[in-house]
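The residues making up each chain are set out below.
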Amino acid sequence: MTRIQQVWFPKTLEEAYKRYLSCEENGSYVSGGTWLRTIWEADHKTIPPHLISLENITEMSAITIEEEKGDEVLVIGSLVTLNQCLKNTLIQKYFPSLITACKQIAAPSIRNQGTLGGNIRTTFGDTLPVFLVLRGQLTWFNGTSIERESVQNWLANPVPSDGRILVNIILPIKKHSGEGNKYFSFYKKVGRREIFIPSLVTVAGSAIKGRDGTLEEVVLAAGGGVMVPKRLSNVEELLQGTNALTKEQLSLIYETCLMEYEPQADVFATAFYKKKVAANLIFSEWFQMMKGENDQIEGGTLYATES
Ligand SMILES: Cc1cc2nc3c(=O)[nH]c(=O)nc-3n(C[C@H](O)[C@H](O)[C@H](O)COP(=O)(O)OP(=O)(O)OC[C@H]3O[C@@H](n4cnc5c(N)ncnc54)[C@H](O)[C@@H]3O)c2cc1C
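- In the nomenclature of an unreviewed UniProt entry, the protein corresponds to FAD binding domain-containing protein from the organism Evansella tamaricis.

In structure tokens form, the structure reads like this:
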């Protein structure tokens with residue numbers, strides 16, 4: 001039987017949303033198409049008869065700095081590709097852990113096509129732990145207006161395909177003004193080999209280390225595979241306000257991490273193996289930071305440890 005496929009190229013958010021509604025259950029938004037193609041080719045899903053390409057909606061392709069209530073934010077359009085992200089000087093300057101994450105996604109050919117919006121919308125893309133740690137916000141077009149919610153709230157209950165269009169990702173640009181404060185951030189991905197491979201485990205974190213070594217604003221998140229990433233708030237709490245971790249504290253942090261991170265087993269690794277990997281990564285990043293081994297940049301500049 002011949003299947004008729006129709007690809008639509010709306011030029012505005014309104015047009016795209018209306019088209020989606022008119023297709024009822026038979027339409028799908030497409031940005032770079034790299035994730036959709038993978039699941040269609042693997043026969044996990046049939047290709048819907050109506051594909052609504054978002055590529056001509058120009059307002060979703062920019063990266064700009066804007067002011068919000070006296071603070072600066074970086075607004076990244078959801079159609080920005082992973083490769084554009086890597087080349088962008090603002091992202092390089094303010095959010096290097098996002099650069100580290102994008103660098104480790106797929107091969108350059110996929111990164112040329114794959115978008116941040118598509119990566120986020122899958123609900124388990126490898127950039128998500130970074131957006132959780134950076135306290136990112138998402139803006140969505142709901143047919144009549146733009147709604148805004150935090151990445152964390154959205155991931156707590158991500159509705160699979162509610163027709164809303166992801167428009168922008170908003171990242172607060174933090175100024176770490178305290179004298180002698182050091183901002184520390186990291187992103188680590190572990191797969192079955194070094195590159196071009198889906199993740200088994202991803203972890204991201206950040207903290208401010210004060211002059212006396214006290215940790216503040218500790219944020220940690222972990223994901224990997226098809227797990228929806230989440231913050232590790234119990235581990236965060238244990239690290240908050242500490243300055244010299246005792247052996248007992250380190251061991252408690254490790255155990256708490258094993259309990260709080262809840263990955264799913266897959267054909268390549270058990271859930272317990274993934275738990276141990278995540279705990280080891282977090283443990284080693286924190287240990288290095290406490291020892292000052294990662295203190296590459298002084299006073300309030302973001303950096304990520306690059307592996
Ligand atoms: C060989 C290969 C390796 C890969 N490796 C990785 C990897 O290491 N890590 C990783 O995270 N991913 C990986 N991917 C998956 C994918 O390439 C990335 O997640 C990419 O960022 C997805 O973006 P896209 O624009 O291609 O999404 P698409 O395939 O276009 O869309 C993905 C989903 O999001 C929806 N969508 C897209 N844009 C919007 C929007 N603006 N609003 C609402 N819904 C939207 C689509 O309907 C679809 O459900 C890999 C893919 C391939 C083929």
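**Points about the site of the ligand**
Phase 1 of the analysis: Residues in close proximity to the ligand total 29 residues, the closest being Y29, S31, G32, T34 and T115.
Phase 2 of the analysis: For the ligand, a nitrogen atom lies 2.7 Å from a polar atom in the side chain of S31.
Phase 3 of the analysis: At a separation of 2.8 Å, an oxygen atom of the ligand approaches a polar backbone atom of D126.
Phase 4 of the analysis: Contact with the protein chains hides 87% of the accessible area of the ligand, taken as 980 Å² for the molecule alone.

**Here we look at the sheet that holds strand β4 (residues 63-68)**
Phase 1 of the analysis: Strand order in the open sheet formed by five strands is β4-β5-β8-β6-β7, with antiparallel pairing between adjacent strands. What marks the edges here is a single partner per strand, and that holds for β4 and β7 (146-150). Going from strand to strand, the sheet's axes swing by 30 degrees on average, the running direction of each strand aside.
Phase 2 of the analysis: Bridge analysis of strand β6 (residues 137-141) against strand β8 (residues 165-172) gives five bridges, and the strand direction is antiparallel. Bridge assignment links Q137 to a residue of β8, and that residue is I170.
Phase 3 of the analysis: The sheet strands contacting helix α1 (residues 13-22) are β6, β7 and β8, and the helix crosses β8 at an angle near 130 degrees.

**Topic: the side chain of K189**
Phase 1 of the analysis: With respect to the helices and strands, the residue K189 is situated in strand β9 (residues 182-191).
Phase 2 of the analysis: A distance of 2.7 Å separates the side chain of K189 from the backbone oxygen of Q104, its partner in a polar contact.
Phase 3 of the analysis: Side-chain polar atoms of K189 contact the side chain of D126, separated by 2.9 Å.

**Some details on the domain arrangement of the protein**
Phase 1 of the analysis: By the assigned domains, the protein splits into domain 1 (6-53), domain 2 (58-172) and domain 3 (182-305).
Phase 2 of the analysis: Using only C-alpha atoms to locate each centre, domain 1 and domain 2 end up separated by 20 Å.
Phase 3 of the analysis: Each side of the interface is counted separately: domain 1 has 11 residues, and domain 2 has 18 residues.
Phase 4 of the analysis: Both faces combined, the contact of domain 1 with domain 2 buries some 1300 Å², and carbon together with sulfur accounts for 69% of it.
Phase 5 of the analysis: Interface area lost by domain 1 to domain 2 is led by L13, Y17 and T34, which between them contribute 46%.
Phase 6 of the analysis: For the pair domain 1 and domain 2, the interface holds zero salt bridges.
Phase 7 of the analysis: Taken together, domain 1 and domain 2 are joined by three residue pairs in polar contact (both at pLDDT 80 or more).
Phase 8 of the analysis: At the level of elements, α1 and α2 (34-41) are the ones that each hand at least two residues to the side of domain 1 that touches domain 2.
Phase 9 of the analysis: Here the element with the most residues in the side of domain 1 that touches domain 2 is α1; it accounts for five residues.
Phase 10 of the analysis: Its residues assigned to classes, the side of domain 1 that touches domain 2 shows six nonpolar, three polar and two charged.

**With respect to empty space enclosed by the protein**
Phase 1 of the analysis: Counting across every chain of the model gives two cavities of 30 Å³ or more.
Phase 2 of the analysis: The computed volume of the second largest cavity comes to approximately 30 Å³.
Phase 3 of the analysis: If you trace the second largest cavity, you find it lined by L239, L250, I253, I282, F283 and W286.
Phase 4 of the analysis: Per element, the largest residue contribution to the lining of the second largest cavity is three residues, and it comes from helix α12 (residues 271-291).

**A closer look at the sheet that holds strand β3 (residues 50-53)**
Phase 1 of the analysis: Taken in spatial order, the three strands line up as β1-β3-β2 in an open sheet, and their pairing is parallel. Here the strands that pair on one side only, and so sit at the sheet edges, are β1 (6-8) and β2 (27-30). Recorded for the sheet is a direction-independent mean angle of 25 degrees between the axes of neighbouring strands.
Phase 2 of the analysis: When β1 meets β3, the two strands line up parallel, connected through three bridges. Among the inter-strand pairings, W8 is bridged to a residue of β3, identified as I52.
Phase 3 of the analysis: Packing of α1 onto the sheet brings it into contact with β1, β2 and β3, and relative to β2 it is tilted by some 150 degrees.

Reading the values: rules and limits
Residues numbered from 1 in each chain as written. Predicted model: local features only at pLDDT ≥ 70, side-chain atom pairs only at ≥ 80, totals over all residues. Heavy atoms only, no water. Near = heavy atom within 4 Å. Polar contact = N/O pair within 3.5 Å; in protein donor to acceptor, adjacent residues only side chain to side chain. Areas by Shrake-Rupley, 256 points an atom, 1.4 Å probe, with all protein chains shown as cover. Pairing = 2+ DSSP bridges. Helix = DSSP H or I, 4+ residues; strand = E, 2+ residues; numbered from the N terminus. Axes fitted to C-alpha atoms, helices over the stretch in contact; angles between N-to-C directions. Contact = heavy atoms within 4.5 Å. Domains from an automatic or database assignment. Buried area = accessible area lost by both parts, 1.4 Å probe. Salt bridge = Lys/Arg side-chain N within 4 Å of Asp/Glu carboxyl O. Nonpolar A, V, L, I, M, F, W, Y, C, P; charged D, E, K, R; others polar. 1 Å grid on protein atoms, 1.4 Å probe; cavity = no way out; pocket = protein on both sides within 12 Å on 5 of 7 lines; lining within 4 Å. Points joined across faces, edges and corners; volume = space filled by probe spheres on them.

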